[in-house]
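Observations on the model geometry
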Amino acid sequence: MTDFEKCHNINRFVFETPYTLMGKKHGGVEEQCKRMTVLTTANTFPYVKKRVEVLGEKQVELKPVDVAIDEMQARTSELTKFCSSQEVDMIQLQLKLQGCVSVQVNAGPMAYARAFLDNSKTSKSNNKKAMELKEVFRRFVEACSMVLDINEHLIKEDQFEYQHC
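Residue positions are given per chain, counting from 1 as you read along its sequence in written order. In keeping with the predicted nature of the model, local features appear solely for residues at pLDDT of at least 70, side-chain atom pairs appear and are counted solely at 80 or more, and the whole-chain, interface and lining totals rest on all residues. By convention in this description, side-chain values take in all heavy atoms of the structure and omit both hydrogens and water.

Pairs may arise between side chains of opposite charge once their charged atoms sit close together. The term salt bridge refers to a pairing of a side-chain nitrogen on Lys or Arg with a carboxyl oxygen on Asp or Glu at a separation within 4 Å. What the rule picks out here adds up to seven salt bridges. Lysine 34 is paired through a salt bridge with aspartate 70; the nearest N and O atoms lie 2.7 Å apart. Taken together, the residues lysine 34 in strand E2 (residues 32-45) and aspartate 70 in helix H2 (residues 64-84) connect sequence positions 36 residues apart. Taking the shortest distance from any N to any O, the salt bridge between glutamate 61 and arginine 35 comes out at 2.7 Å. Placement of glutamate 61 in strand E3 (residues 54-62) and of arginine 35 in strand E2 is noted, with a sequence separation of 26 residues between them. For every residue, the accessible area (1.4 Å probe, protein chains only) is compared with the maximum for its type, and the residue is labelled buried under 20%, exposed over 50%, or partly exposed between those bounds. Of the residues examined, glutamate 61 reaches a relative accessible area of 40% and is grouped as partly exposed. Arginine 35 sits in the partly exposed class, given a relative accessible area of 25%. Among the charged side chains, a salt-bridge network with shared partners connects Glu16, Lys34, Asp70 and Glu71. Each helix is a run of H or I in the DSSP string that is no shorter than four residues. Each strand is a run of E no shorter than two, and both are numbered from the N terminus.

In structure tokens, the structure reads:
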């Protein structure tokens, strides 16, 4: 899909609203929910008028474990996109990789794993979602491995120490 095709003839828009069951906007990963709202418009964008009638609105509520699955799938797809592109921007690749594997990043993979994959916290009713999250983590680790291989081929001699840490 070209850039032109991505930006033309669009009539569906999605926006996300974070919330917690306690009423706050943000919380810990084990209590963070997300509402996804999909709007369908009468005319496609770009359009000559500034306002276009909204024909439909659909809302999807995601529970905390679903938010974790959604976020991890998004991270995995971003990493696999780097693997499939012809020209790789090394700086962007390293920033994305650092954000995915860094322990200090808020609500990162480690926080999701601790919150939802710890055996002491996993209930039988939530087991199906935990298995789904584990599968997403497997794909995430595979994508990280592929990106690390690409990074290893692109780095210069002064960066080898970082690659092997």
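The discussion continues.
Moving on, we come to the packing of H2 against helix H4 (residues 109-116). Axis separation between H2 and H4 bottoms out at 11 Å; the angle between their running directions is 150°. Comparing the axis directions of H2 and H4 gives the class roughly antiparallel. Two packed elements cross with a definite hand, and for H2 against H4 that hand is left-handed. Contact with H2, carried on its side by Pro64, Val65, Ala68, Glu71, Met72 and Arg75, involves Pro109, Tyr112 and Phe116 of H4 and no other residues of that element. Throughout, the ten residues Ala, Val, Leu, Ile, Met, Phe, Trp, Tyr, Cys and Pro are labelled nonpolar, Asp, Glu, Lys and Arg are labelled charged, and all others, Gly among them, are labelled polar. Here the residues of the contact of H2 with H4 sort into seven nonpolar, no polar and two charged. With axes taken as lines fitted to C-alpha atoms, and helix axes fitted only over the stretch in contact, angles between N-to-C directions fall between 0 and 180 degrees. For this classification, under 35 degrees means roughly parallel, over 145 means roughly antiparallel, 65 to 115 means roughly perpendicular, and everything else is oblique. Should the near helix be turned anticlockwise from the far one by less than a right angle, the crossing is termed left-handed; should it be turned clockwise, right-handed. What makes two residues a contact is simply this: any of their non-hydrogen atoms within 4.5 Å.

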